[in-house]
Every structure is written in C-alpha cells, then in structure tokens.
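# Report on the structure
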Amino acid sequence: MKKREFIYIAVLTLLVAFMDITGIPSAFFVHIQVADIEPVYFTFMVNFLIIGAAAYLFLRTLCPAWDLGFRKKGLIDGLKKYGIIGALVAAVGFLAFYVGLSPFDRQPSIEKVRVLN
C-alpha cells in the first residue's frame, strides 16, 4: 500500500470518528418526532447513513484499489443461508424486550422498542 493511501485512510478515520462522536452533520437538519422516541435517535441513524455514504465515496474516489467486498455474487446464497436465522434472532430479541415491558405498563411505546432494538 502506498504512503498516500495511508494518509487518506488516516484522514477518513479521523473524519468518521469526529462525525460519529459529534453527530454532525445530521444534528443540524434532522429532527424527527415519532411517539415517545427522542429525536436524537433518528439523528444518529441518519448520521450513520451519511458516514457510510461518505466513507464509500471517499474510498471509491481516493483509494480505488481497495476491495470493499460489495458484490452481487453470493448475495442470494448468503441470504438463503443466514437470512431466516437472522430474522428469527431479531424477532426473538424484539419479543423478549417487549414482554419485559409488561410490568412497566407498556412504557416506552412499541414504536420506541422497534427503533431501539
């Protein structure tokens, strides 16, 4: 790997860390209110998507030799192999958390459980 690529990756790492810790840029324009869910959760979700897109574009333009592993080949086989069990694990986790709210008069709401789970 070239020295220039190391510098690009170091800059990208610092940029991603800064964006992840501060919540910038989505903290300035994302304010979504749903049921009893605090807007900060949606801010972090949008920020995560922005970070992913920025990192992808950064790597595609400045480090095109890097193999990021995004391929269509093998996707269907992977989904067939792990998709059902992944969905079941997510459903069991959601159900356990929801049942655990029973003593608390269903507070927080089911919407909050879905977003945070």
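Everything that follows concerns the structure shown earlier in this document.
An account of the accompanying structure is given in this report. Note that the coordinates shown come from a computational prediction; the quantities given were computed from them, not determined experimentally.

Our next topic: the packing of aromatic side chains. As enumerated under the stated definition, the model contains one aromatic pair in all. The interplanar angle of 90° and the centroid separation of 6.5 Å between the aromatic rings of Tyr8 and Phe58 together place this pair among those described as edge-to-face. You can see Tyr8 sitting in helix H1 (residues 3-22) and its partner Phe58 sitting in helix H2 (residues 39-62), a full 50 residues away along the chain. The exposure class of Tyr8 is partly exposed, given its relative accessible area of 23%.

Turning to a nonpolar patch on the surface, a few remarks are in order. A surface patch of nonpolar side chains, amounting to about 550 Å² of accessible area, comprises Tyr82, Ile84, Ile85, Leu88 and Val89. Tracing the backbone shows Leu88 in helix H3 (residues 75-100).

The next subject is unusual backbone geometry. A cis amide bond, omega 15°, links Ile24 with the succeeding residue Pro25. The topology assignment puts Pro25 in the loop between H1 and H2.

Cut-offs and rules
- Residues numbered from 1 in each chain as written.
- Predicted model: local features only at pLDDT ≥ 70, side-chain atom pairs only at ≥ 80, totals over all residues.
- Heavy atoms only, no water.
- Phe/Tyr/Trp six-rings, centres within 6.5 Å; stacked < 30°, edge-to-face > 60°.
- Helix = DSSP H or I, 4+ residues; strand = E, 2+ residues; numbered from the N terminus.
- Buried < 20%, exposed > 50% of the residue type's maximum accessible area, 1.4 Å probe, protein only.
- Patch = residues over 30% accessible without salt bridge, like charges linked within 9 Å, V, L, I, M, F, W, Y side chains within 5 Å.
- Areas by Shrake-Rupley, 256 points an atom, 1.4 Å probe, with all protein chains shown as cover.
- Salt bridge = Lys/Arg side-chain N within 4 Å of Asp/Glu carboxyl O.

By themselves, these figures tell us nothing about what the structure is for.
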